[in-house]
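Breakdown of the fold
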Amino acid sequence: MTPPVFLADTAELAADTVTLTGPEGHHAAAVRRLRAGEAVDLSDGLGLRLRCTVVDTGRDHIVCRVLERTLEPAPRPRLTVVQALAKGDRGETAVETMTEAGVDAIVPWSAERSITRWKGDRAAKSLAKWRATAREAAKQARRARLPEVAEPADRTAVAELLAAADLGVVLHEDAGLRLSQVPVPTDGDGAGVVLVVGPEGGFSDAELDAFDAAGAVRALLGPTVLRTSTAGVAALSVLQTRTGRW
């Protein structure tokens, strides 16, 4: 079994012996009940990974001896998913599964036909929940790099992301081209692939026109229609394989 991953600030990981405190230390000591001699990975969420052995524990902290220190490069091409806001907890489900599948960035999008709206205090709370979900899912997946969860975007901002991408894709059930057939970049330091997942009510004509004008390709996943909470992870699986990241 791979060691569990716990997160800390980069500065805290500079020493050869690291004491993990705070919520992460409490989780390691009191919830996971790690003991001396067990293996653990520490990361700053920015690619730094420390292979460690636990040498001591307390009620709310663990002490780790660093055995190996590596900096994992960011995978290429970069994979960004623009995820339409979904009702209930389906947005968090999408964030969780896409993080486990290796997404690099998630952009919340308030589409015209989104049932859920982020306004006022709710916007800040909802964004914080998405970011917390991504953080925990990344730890579960043993990732050393946390995905970015960006500020919410409108149609204009999404179109700008698509225009700047090496490949922009809009998932659409009426597309004539399957995602598995779309030519994809396999490397590079550019913006990579930007994938747009629509809301429960589908795209409006104005949105599709804007995304077409930005140079995006409409693509179909398969013969069935997926929920907005599952379409992103299915598409990521295709792209991870097609780009050689998997």
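Treat the numbers as computed from the prediction; the structure is a model and nothing was measured.

Details of the side chain of Glu24
- Of note, Glu24 is situated in helix 1 (residues 22-31).
- Residue classification places Glu24 among the buried positions, given a relative accessible area of 9%.
- Aside from chain neighbours lying at most four places away, what touches Glu24 is Phe6, Leu7, Arg135 and Lys139.

Section: the packing of helix 4 (residues 155-164) against helix 5 (residues 205-213)
- One way to put it is that helix 4 packs onto helix 5 with a least axis distance of 9 Å and a crossing angle of 30 degrees. Relative to helix 5, the element helix 4 lies roughly parallel. Seen along the crossing, helix 4 lies across helix 5 with a hand that is right-handed. Contact with helix 4, carried on its side by Arg155, Val158, Ala159 and Leu162, involves Ala206, Glu207, Ala210 and Phe211 of helix 5 and no other residues of that element.
- For the contact of helix 4 with helix 5, the per-class residue count stands at 6 nonpolar, no polar and 2 charged.

What about the pairing of strand 4 (residues 48-57)?
- The pairing of strand 3 (residues 39-43) with strand 4 spans 5 bridges and is classified as antiparallel. From the neighbouring strand, Ala39 faces strand 4, where its bridge partner is Thr53.
- Taken together, strand 3 and the strand that follows it, strand 4, pair antiparallel across an intervening segment of 4 residues, in which Gly45 is found at a positive phi of about 75 degrees.
- In terms of strand pairing, strand 4 meets strand 5 (residues 62-71) through 9 bridges, oriented antiparallel. Looking at strand 5, one finds that Arg51 is bridged to Glu68.
- In this structure, the hairpin formed by strand 4 and strand 5 is closed by a connection of 4 residues.

Comments concerning the layout of surface pockets
- Taken as a whole, the largest pocket holds about 420 Å³ of empty space.
- In this structure, the largest pocket is lined by 22 residues; those nearest its centre are Leu171, Glu173, Val225, Leu226 and Ala231.
- No other element matches the 3 residues that helix 6 (residues 228-242) contributes to the lining of the largest pocket.
- Roughly 310 Å³ of volume is contained in the second largest pocket.
- For the second largest pocket, the lining is made up of 17 residues, of which Glu72, Pro75, Gly102, Arg143 and Arg245 are closest to its centre.
- Among the residues making up the lining of the second largest pocket, the classes are represented as 6 nonpolar, 3 polar and 8 charged.

Concerning the nonpolar core
- Among the nonpolar cores identified, the biggest contains 29 residues, and Leu171 and Leu195 are the most heavily contacted of them.
- Breaking this core down by element, the ones donating at least two residues are strand 6 (79-84), helix 2 (90-100), helix 3 (121-140), strand 9 (167-171), strand 10 (193-197) and helix 6.
- Here Leu195 is in contact with Thr80, Val81, Val82, Val169, Leu171, Gly232, Ala235 and Leu239, once residues within four sequence places are set aside.
- Judged by nonpolar contacts, the second largest core, of 19 residues, contains Ala84, Leu162, Ala165 and Ala216.

A look at the sheet that holds strand 3
- Pairing in this open sheet of 5 strands is mixed, and the strands run 1-3-4-5-2 from one edge to the other. Strands with a single pairing partner mark the edges of an open sheet, and in this sheet they are strand 1 (5-7) and strand 2 (17-20). With strand direction ignored, the average angle separating the axes of adjacent strands in the sheet is 40 degrees.
- Sheet strands touched by helix 1: strand 1, strand 2 and strand 5. Its angle to strand 1, the strand with the most contacts, is close to 150 degrees.

As for helix 3
- Taking 1.5 Å as the rise per residue, helix 3 with 20 residues should run 28 Å; its terminal C-alpha atoms sit 29 Å apart, in good agreement.
- The complete set of buried residues in helix 3 reads Ala123, Ser126, Leu127, Trp130, Thr133, Ala134, Ala137, Ala138 and Lys139.
- Contact partners of the buried residues in helix 3: strand 1, helix 1, strand 6, helix 2, strand 7 (105-109) and strand 8 (148-149).
- Two residues or fewer after helix 3 comes Arg142, characterised by a positive phi angle close to 65 degrees.

Overview of the packing of aromatic side chains
- Tallying each qualifying case throughout the model produces 4 aromatic pairs.
- Ring geometry for Trp118 against Trp130: centres 5.0 Å apart, planes inclined by 80 degrees, an arrangement best described as edge-to-face. Linking Trp118 in the loop between strand 7 and helix 3 with Trp130 in helix 3, this pair joins segments that are 12 residues apart in sequence. Trp130 carries the same exposure label as Trp118, and that label is buried.
- Members of the aromatic cluster, joined through ring pairs, are Trp109, Phe203 and Phe211.

Calculation rules
Residues numbered from 1 in each chain as written. Predicted model: local features only at pLDDT ≥ 70, side-chain atom pairs only at ≥ 80, totals over all residues. Heavy atoms only, no water. Helix = DSSP H or I, 4+ residues; strand = E, 2+ residues; numbered from the N terminus. Buried < 20%, exposed > 50% of the residue type's maximum accessible area, 1.4 Å probe, protein only. Contact = heavy atoms within 4.5 Å. Axes fitted to C-alpha atoms, helices over the stretch in contact; angles between N-to-C directions. Parallel < 35°, antiparallel > 145°, perpendicular 65-115°, else oblique. Left-handed = near helix turned anticlockwise from the far one by under 90°. Nonpolar A, V, L, I, M, F, W, Y, C, P; charged D, E, K, R; others polar. Pairing = 2+ DSSP bridges. 1 Å grid on protein atoms, 1.4 Å probe; cavity = no way out; pocket = protein on both sides within 12 Å on 5 of 7 lines; lining within 4 Å. Points joined across faces, edges and corners; volume = space filled by probe spheres on them. Core = buried A, V, L, I, M, F, W, Y, C linked by side-chain atoms within 4.5 Å. Expected span 1.5 Å × (residues − 1). Phe/Tyr/Trp six-rings, centres within 6.5 Å; stacked < 30°, edge-to-face > 60°.

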